[in-house]
Amino acid sequence: MGTLRPATPADFAFLRALAGRPENAPFIVDEDDAALQGHIDAPDRDLVIWDHDGAAAGFALFCELDNPANRTELRRLALAQTGTGLGRVLLEDLKTYAFTVLNINRLWLDVAGDNLRAQKTYRRAGFVHEGTLRSHWKRPAGDIADLMIFAILRHEWAQ
């Protein structure tokens, strides 16, 4: 297990380095420092750093914190080291944070249709595929991708 903490401007280089990696570029928009600060300042968002073994190891952005349906979107999720099994640990920490600290009822996310590694990780973490938005997202490179919607509800997580 790791710990989640609020992101600060001191984390921006870490955030941008992860978003800018070639393997992440098709799936994560690399935002500038002003946009990252906007996430920190926005009352309906929570940009968090995941520390594991004493160092920053990933990040995530929770959006829609003020949604009246008590749902939150998990957006811009990335790990410093992939292929190590840490994705599952990060997701467990993010779900625990969402359902206990944020006290939400529904955690949802979208994933590109061709991001098979992420889809597998989300399914293993208990997220349910709820549908696909075909040709829905224009990626930073300019191509159009399908988006698959996944979600987990509080009672599913509690089991």
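Counting restarts for each chain, with residues numbered from 1 along the sequence as it is written. Predicted model: local features are reported for residues with pLDDT of at least 70 only, side-chain atom pairs are reported and counted for 80 or more only, and whole-chain, interface and lining totals are derived from all residues. Where side-chain values are given, they derive from all heavy atoms of the structure, hydrogens and water being excluded.

**Observations regarding the overall build of the chain**
Quick reminder of the rule: Helix and strand assignments come from DSSP, with helices taken as H or I runs of at least 4 residues and strands as E runs of at least 2, each series counted from the N terminus. Two things to know: the radius of gyration comes from C-alpha atoms, and the globule rule equals 2.2 Å times the number of residues to the power 0.38. Three exposure classes are used, based on accessible area relative to the maximum for each residue type with a 1.4 Å probe and protein chains only: buried under 20%, partly exposed in between, and exposed over 50%. The method behind every accessible area is Shrake-Rupley, applied with a 1.4 Å probe, and residues are considered shielded solely by the protein chains displayed. Think of it this way: Lys and Arg go in the positive column, Asp and Glu in the negative one, and His and the chain ends go nowhere. Working definition for charges: the position is that of NZ of Lys, CZ of Arg, CG of Asp or CD of Glu.
Helices and strands together make up the secondary structure of the chain, namely five helices and seven strands. Its C-alpha atoms give the chain a radius of gyration of 15 Å, near enough to 15 Å, the size a compact globule of 159 residues would have. Overall size of the chain, expressed as C-alpha extent along the three principal axes, is 35 × 35 × 35 Å. Out of the 159 residues belonging to the chain, those deemed buried represent 42%. Accessible surface for the chain amounts to roughly 8,200 Å². Of this, 51% is attributable to carbon and sulfur atoms. For the chain, the distance from the average site of its 18 positive side-chain charges to the average site of its 22 negative ones is 6 Å.

**Some remarks on the nonpolar core**
The criterion, for reference: Here, the term nonpolar core denotes a set of buried Ala, Val, Leu, Ile, Met, Phe, Trp, Tyr and Cys residues that are joined through side-chain atoms within 4.5 Å. Residue contacts follow a heavy-atom distance rule, with two residues in contact if any of their heavy atoms lie within 4.5 Å.
Leu 74, Leu 94, Leu 107, Tyr 122 and Phe 127 are the most contacted members of the largest nonpolar core, which has 26 residues in total. If you list the elements that add at least two residues to this core, you get strand 2 (45-52), strand 3 (55-63), strand 4 (71-79), helix 3 (86-101), strand 5 (106-112), helix 4 (116-124) and strand 7 (144-153). Counting residues per element, this core draws most heavily on helix 3, at seven residues. Residue contacts for Leu 107: discarding those within four places in its chain leaves Phe 62, Thr 72, Leu 74, Lys 95, Ala 98, Phe 99, Phe 127, Phe 150, Ala 151 and Ile 152. Within the second largest apolar cluster, 13 residues are counted, among which are Leu 36, Phe 59, Leu 61 and Ala 78.

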